[in-house]
Amino acid sequence: MRNLGAQPEITLTVNGEEKMVRAYPMERLLDVLRHQLGLTGAKEGCGEGECGSCSVLMDGALVNSCLVPVLQAQGAKITTIEGLAQGPLLHQLQQAFLDCGGAQCGICTPGIIMAACHLLARTTRPTREQINQGLSGNLCRCTGYTQICEAVAQAAAQGRAE
Amino acid sequence: MRSDPSDYELIAPDSLSAVVSLLAQQPGEWLPIAGGTDVMVQYAAGKLPARKLVSLWNLPELRQIEVSPVDVLIGAGSTYTDLREHTVVGGEFPLLANAAQWTGAIANQNRGTVGGNIVNASPAADSLPALLVYEAELILVSARGERRVSYLNFHTGYKKTLLAPDELIRAVRLERRFAGYFAYSRKVGARNAQAISKVCIAALGKIAGGVVEDIRIAVGSVAPTPLRLRDTERTVKGKAVDVALVDQARQVAISEIHPIDDIRSTSAYRSAVVANLVAEFLLGLNARGKGA
């Protein structure tokens, strides 16, 4: 039962593929994704759950991966920004961010797109207020939020049209 | 300085009884961690004194909301999202649902739990004033059995609670007796999402025959623990709300809080805001009483 000093095997499904990692149980999911699995889309901003740059979906729920000890992700389905595009075909949210100029330096963008994904999975016709609330845990220090919110609105409108 | 994960032990038993027997064998040795929204922040900052942690995340015994005709039993592992999305919690306990909605933002609401919020015992926690005004009962569990304590007595000092080293909160019980009350809550902070409150308030009141028949006011971030404003309630109860009474309530409220200056606000500002919030609540209650 004791794990001190040990790195047990932890199995999780990442972007549809089952992965086995060896990690200390208190390692942050963010670090396992970035350093062991090479998925560097999720970024470390604040490291304390305030900025949303490290957002991923865990069993469909948006979480800050910097606050998830990897043991708690045992058996979970994780979706990161890398899991959205289908080969060369961008996810409609990614395309909308390009079309609307919703990214500048790009550090916050993966987290914002994951938050938008989480929103649109629950609310297919979000109002501007719902978009604001859905993204309220994600901070951008470059662009302001206008184009980001426009991108989410555009993706939502396209999603309905398809 | 960031923590080194190799210094820490974390285990995830698959049942509540396994966790409870671990705590009985080594009381005080294991720090329970649920959604990690407080514990992992301390960990990241290298300020987590505990080295042995036991996970409660997703234990099915803790993550259910049971509704009976008389009460609602909220499993301590229920997240803020669980609270927000529950129809009875939203419909009959709006102060709790509102607080759940402005705690952190979506990602933290998907992980933070009501039990964790109570045990973390921050005086600034947004959901705790709501539990004070609804007079929640906590069901505590240990290998010795269960006991029920009133939430009103749970916080004994700054970050101190009645919880024994071998105990966990299993559930929060709310009685379904607040239909027809005027409910008022506000968070005053730099912004709603992700900001810790400068002041938060939850209040309930009922007017009958032109006078305040029942009133409950609780505030956060203005004392070492979340605080019921008992003197203010006594000042108002049984009386008709008028300008003089509101003014008196403002003064009494200021006299019973103990705000401090810190990075988020000042004592003077917090006192002024508490007085204004109490006044806004009483005026709203009175308007509702006249309308009814």
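In this text, all values refer to a predicted model and were calculated from it rather than measured experimentally. Along each chain, numbering runs from 1 in the same order as the chain's sequence is written. Chains carry letters and ligands carry numbers; both start at the beginning, A for chains and 1 for ligands, and go up in the order they are written. Confidence filtering applies because this is a predicted model: local features only for residues at pLDDT of at least 70, side-chain atom pairs given and counted only at 80 or more, and all residues used for totals across whole chains, interfaces and linings.

**Q** For the overall build of chain A, give the residues involved together with the corresponding values.
**A** Helix and strand definitions follow DSSP, with helices as H or I runs of at least four residues and strands as E runs of at least two, each counted in order from the N terminus. Summing up its helical and strand segments, chain A has 5 helices and 5 strands in all. Ordering the α and β elements of chain A from the N terminus gives β-β-α-β-β-β-α-α-α-α. It is over C-alpha atoms that the radius of gyration is taken, and the globule rule equals 2.2 Å times the number of residues to the power 0.38. For chain A, whose C-alpha radius of gyration is 16 Å, the value lies close to the compact-globule estimate of 15 Å for 162 residues. Along the first, second and third principal axes, the C-alpha set of chain A runs to 50 × 30 × 25 Å. Classification of the 162 residues of chain A by burial places 49% in the buried group. Each residue is classed by its C-beta neighbour count within 10 Å, where at least 20 other C-beta atoms makes it buried, 12 or fewer makes it exposed, and intermediate counts make it partly exposed; the C-beta atoms are placed from backbone geometry.

**Q** Can you break down the domain arrangement of chain A residue by residue, with the values?
**A** All names here are of chain A. Here the domain parsing of chain A yields domain 1 (9-83) and domain 2 (92-161). By convention here, the domain bounds are inherited from an automatic or database domain assignment. Taking the mean C-alpha position of each, domain 1 and domain 2 sit 21 Å from one another. The dominant element in the side of domain 1 that touches domain 2, judged by the number of residues it contributes, is strand β3 (residues 55-58), at 3 residues. In terms of residue class, the side of domain 1 that touches domain 2 is made up of 7 nonpolar, 5 polar and 1 charged. Polar here means any residue outside two lists: the nonpolar Ala, Val, Leu, Ile, Met, Phe, Trp, Tyr, Cys and Pro, and the charged Asp, Glu, Lys and Arg; Gly therefore counts as polar.

**Q** Can you break down the nonpolar core residue by residue, with the values?
**A** If you look at soluble globular proteins, the nonpolar side chains tend to sit buried side by side. Nonpolar core, as used here: buried Ala, Val, Leu, Ile, Met, Phe, Trp, Tyr and Cys residues forming one set through C-beta atoms within 7 Å. Counting 140 residues, the largest nonpolar core has A116(A), L96(B), V133(B), V172(B), V219(B), V274(B) and V278(B) as the members making the most contacts within it. We call two residues in contact when the distance between their C-beta atoms, placed using the backbone, is within 7 Å. For V278(B), the contacting residues outside a window of four places in its chain are I217(B), T232(B), A249(B), R250(B) and A253(B).

**Q** Account for helix α5 (residues 94-101) of chain B, naming residues and giving values.
**A** Residue and element names in this part refer to chain B. For α5, a buried count of 7 out of 8 residues is recorded, marking the element as mostly surrounded by other parts of the structure. Restricting attention to buried positions, one finds in α5 the residues L95, L96, A97, N98, A99, A100 and Q101. Contacts made by the buried residues of α5 are with α3 (80-85), α4 (87-92), α6 (106-109), α8 (128-133), β11 (182-188) and β12 (199-208).

**Q** Kindly report on the pairing of strand β4 (residues 61-64) of chain A, identifying the contributing residues and their values.
**A** Residues and elements named next belong to chain A. Paired strands, as defined in this entry, are two strands with at least two bridges between them according to DSSP. For β3 and β4, the ladder comprises 4 bridges, and the chain directions are antiparallel. From the neighbouring strand, M58 faces β4, where its bridge partner is A61. If you look at the hairpin formed by β3 and β4, you'll find 2 residues sitting between the two strands, and D59 has a positive phi there, around 50 degrees.

**Q** Run through the environment of S127(B), naming residues and quoting values.
**A** Residue and element names in this part refer to chain B. The residue S127 is located in the loop between α7 (114-120) and α8 in this model. Under the C-beta neighbour-count criterion, S127 is labelled buried, with 25 such atoms within 10 Å. A sequence separation of 137 residues divides S127 from R264, and the C-alpha atoms of the two residues are 18 Å apart. Not counting chain neighbours up to four residues away, the residues in contact with S127 comprise L96, A99, A100, T103, V114 and N117.

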